[in-house]
Amino acid sequence: MPHIFKHIAYLLVLFVTLSCSRPTHFRSAEGAVWNTTYHITYQSETELDDSIRSVMKQVEMSLSPFNANSLISRINKGEEAVADTLLRRIFFASQEVNRNSLGAFDPTVAPLINLWGFGYKKTGIEPTQATIDSIKALVGISECALLPSGEIRKKNQATEFNFSAITKGYGCDLIGEMFKRNGCENFMVEIGGEIALNGTNPRNKNWRIMIDAPIDNDTAVVHERMAVIEPGNGGVATSGNYRNYRQTAEGKVWHTISPTTGRPAQTDLLSATVIAPNAMLADAYATSCMAMTCGEAMDMLSKINGVEALLVTADTIAATPGFPPIMR
């Protein structure tokens, strides 16, 4: 009998130890980064806020064209040519999305974005057709290469990269990867509207994500619910022209620039919400959709496994077959 009690006592101690070691506390972190805001919820015994900020800083120093000392800024200026691990991953992903979107997604459109006043530097140049044509000659990530040595070979010496349309999503993924390395499996990472999800929420249910209605406003972020979805693990991103536009001599223009025309994209889409295996791809494909018409975007998405979308025009709301049920 003493041996039985000894084993029972051991099992009780083991049960208590395992119960205590299992993280049950959800934490939150929020703030400003990369000219936007972030909101993060994660389940962990220990606070990981310092690690979150460390990942964000790593992303900024590698990929932000708004930071003059970042790796991508040095590459754009011709001061550096060798990619780090982050840039390698995002470069190859960008080329993949560029192929699948038939060129609609192209980070080398950076000088055109600057020309139209939406980029990381002011050109002070009027976007005339002659100027647009001269800059278009620099555009084409399909004509750039990342060599085995890590060296980036540009299409043209003056070609520049702006990976902002994929970086926020990638940053969400990297924070999610950091969480998993620290034993954290339940989290929601949102940076500027791009989201990485895993596991369950504090109520032990699937994460629910609200999709904003595309309300036209360039001075404030207006959140009005259009739908709620449960996307499961992976990435979610929404892109739209309704929050980022400006008035020019040609009238109102939107921030999505077509690599084909060199001008703000002409599309019937108001917004595109994309679900993908990770937030990096969701971010990139949402941007791709906004450089297309609704029909073109649907055609692209039908050929990509694991990527679904909800597309909103002035007259319709269209979802791909695998998009999660919409809760109003």
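Right above here is the structure, for reference.
My aim in this report is to walk through the structure given alongside it, one point at a time. (Residues numbered from 1 in each chain as written. Predicted model: local features only at pLDDT ≥ 70, side-chain atom pairs only at ≥ 80, totals over all residues. Heavy atoms only, no water.)

### Some thoughts on the pairing of strand β6 (residues 194-198)
- Of all five residues in β6, five are buried, a share of seventy percent or more.
- By the alternation rule, side chains of β6 split into Glu194, Ala196 and Asn198 and Ile195 and Leu197, which are all buried.
- As paired strands, strand β5 (residues 187-191) and β6 are joined by five bridges and run antiparallel to one another. Directly across from methionine 188, in β6, lies its bridge partner leucine 197.
- Here β5 hands over to β6 after two residues, with glycine 192 in that stretch at a positive phi of 55°.
- Two elements, β6 and strand β9 (residues 234-240), share three bridges in a ladder whose sense is antiparallel. Within β9, the residue paired with leucine 197 across the bridge is glycine 234. (Buried < 20%, exposed > 50% of the residue type's maximum accessible area, 1.4 Å probe, protein only. Helix = DSSP H or I, 4+ residues; strand = E, 2+ residues; numbered from the N terminus. Pairing = 2+ DSSP bridges.)

### Regarding the packing of helix α2 (residues 49-63) against helix α4 (residues 85-100)
- Put simply, α2 and α4 touch, their axes get as near as 9 Å, and they point 70° apart. By the angle class used here, α2 and α4 are roughly perpendicular. α2 and α4 meet at a crossing whose hand is right-handed. Residues Gln58, Val59, Ser62 and Leu63 of α2 lie in contact with α4, whose contacting residues are Leu86, Leu87 and Ile90. (Axes fitted to C-alpha atoms, helices over the stretch in contact; angles between N-to-C directions. Parallel < 35°, antiparallel > 145°, perpendicular 65-115°, else oblique. Left-handed = near helix turned anticlockwise from the far one by under 90°. Contact = heavy atoms within 4.5 Å.)

### With respect to the side chain of threonine 313
- Its location among the elements puts threonine 313 in strand β13 (residues 308-313).
- Polar contacts involving the side chain of threonine 313 include one to the side chain of threonine 316, which spans 2.8 Å.
- Ignoring sequence-local partners within four residues, the contact set of threonine 313 consists of Asp268, Leu269, Leu270 and Cys294. (Polar contact = N/O pair within 3.5 Å; in protein donor to acceptor, adjacent residues only side chain to side chain.)

### Let's talk about the packing of aromatic side chains
- Taken as a whole and judged by the stated rule, the model has six aromatic pairs.
- Consider the rings of tyrosine 42 and phenylalanine 179, whose centres lie 4.8 Å apart with planes at 20°: the pair is stacked. Taken together, the residues span a long stretch of sequence, with tyrosine 42 in strand β2 (residues 36-43) and phenylalanine 179 in helix α7 (residues 164-181) at a distance of 137 residues.
- A centroid spacing of 6.2 Å and a plane angle of 65° characterise the contact between phenylalanine 91 and phenylalanine 161, whose relative ring orientation is edge-to-face. (Phe/Tyr/Trp six-rings, centres within 6.5 Å; stacked < 30°, edge-to-face > 60°.)

### Quick word on helix α8 (residues 279-289)
- Along α8, 11 of the 11 residues are buried, which leaves the element largely enclosed by surrounding structure.
- For α8, every residue scored as buried is listed here: Ala279, Met280, Leu281, Ala282, Asp283, Ala284, Tyr285, Ala286, Thr287, Ser288 and Cys289.
- Measuring from the backbone nitrogen of methionine 280 back to the side-chain oxygen at the start of α8 gives 3.3 Å, which picks out asparagine 278 as the cap.

### A word on the pattern of salt bridges
- For the coordinates displayed, the defined rule picks out six salt bridges.
- Close ionic contact of glutamate 194 with lysine 168 constitutes a salt bridge, the shortest N to O distance being 3.5 Å. A residue pair is termed long-range when its members are at least 10 positions apart, and glutamate 194 in strand β6 and lysine 168 in helix α7 qualify at 26 residues.
- Glutamate 230 is the salt-bridge partner of arginine 208, the closest N and O atoms lying 2.9 Å from each other. A residue pair is termed long-range when its members are at least 10 positions apart, and arginine 208 in the loop between β6 and β7 (209-212) and glutamate 230 in the loop between β8 (225-229) and β9 qualify at 22 residues.
- Overall, the relative accessible area of 54% leaves arginine 208 in the exposed class. (Salt bridge = Lys/Arg side-chain N within 4 Å of Asp/Glu carboxyl O.)

### Thoughts on the environment of isoleucine 52
- Along the chain, isoleucine 52 falls in helix α2.
- On a C-alpha basis, the gap between isoleucine 52 and glycine 171 in space is 9.8 Å, while along the polypeptide they are 119 residues apart.
- In contact with isoleucine 52, other than residues within four places in its own chain, are Ala29, Ile40, Tyr42, Ile175, Met178 and Phe179.

### Considerations on the packing of α2 against α7
- Close contact between α2 and α7 brings their axes to 10 Å; oriented N to C, the two are set at 140°. Here α2 runs over α7; the crossing is right-handed. Along its contact with α2, which presents Ser51, Ile52, Val55, Met56, Val59 and Leu63, the element α7 presents Thr167, Tyr170, Gly171, Leu174, Ile175, Met178 and Phe179.
- Across the contact of α2 with α7, the residue classes break down as 10 nonpolar, three polar and no charged. (Nonpolar A, V, L, I, M, F, W, Y, C, P; charged D, E, K, R; others polar.)

### As for the environment of serine 51
- Mapping serine 51 onto the fold places it in helix α2.
- Look at serine 51 and you get partly exposed, because its relative accessible area is 27%.

### Some remarks on the pairing of strand β12 (residues 269-276)
- Across the eight residues that make up β12, a large majority, seven, are buried.
- Two elements, β9 and β12, share six bridges in a ladder whose sense is antiparallel. Within the sheet, the bridge partner assigned to valine 236 lies in β12 and is isoleucine 275.
- Note: β12 against β13, six bridges, orientation antiparallel. If you follow valine 274 over to β13, its bridge partner there is alanine 309.

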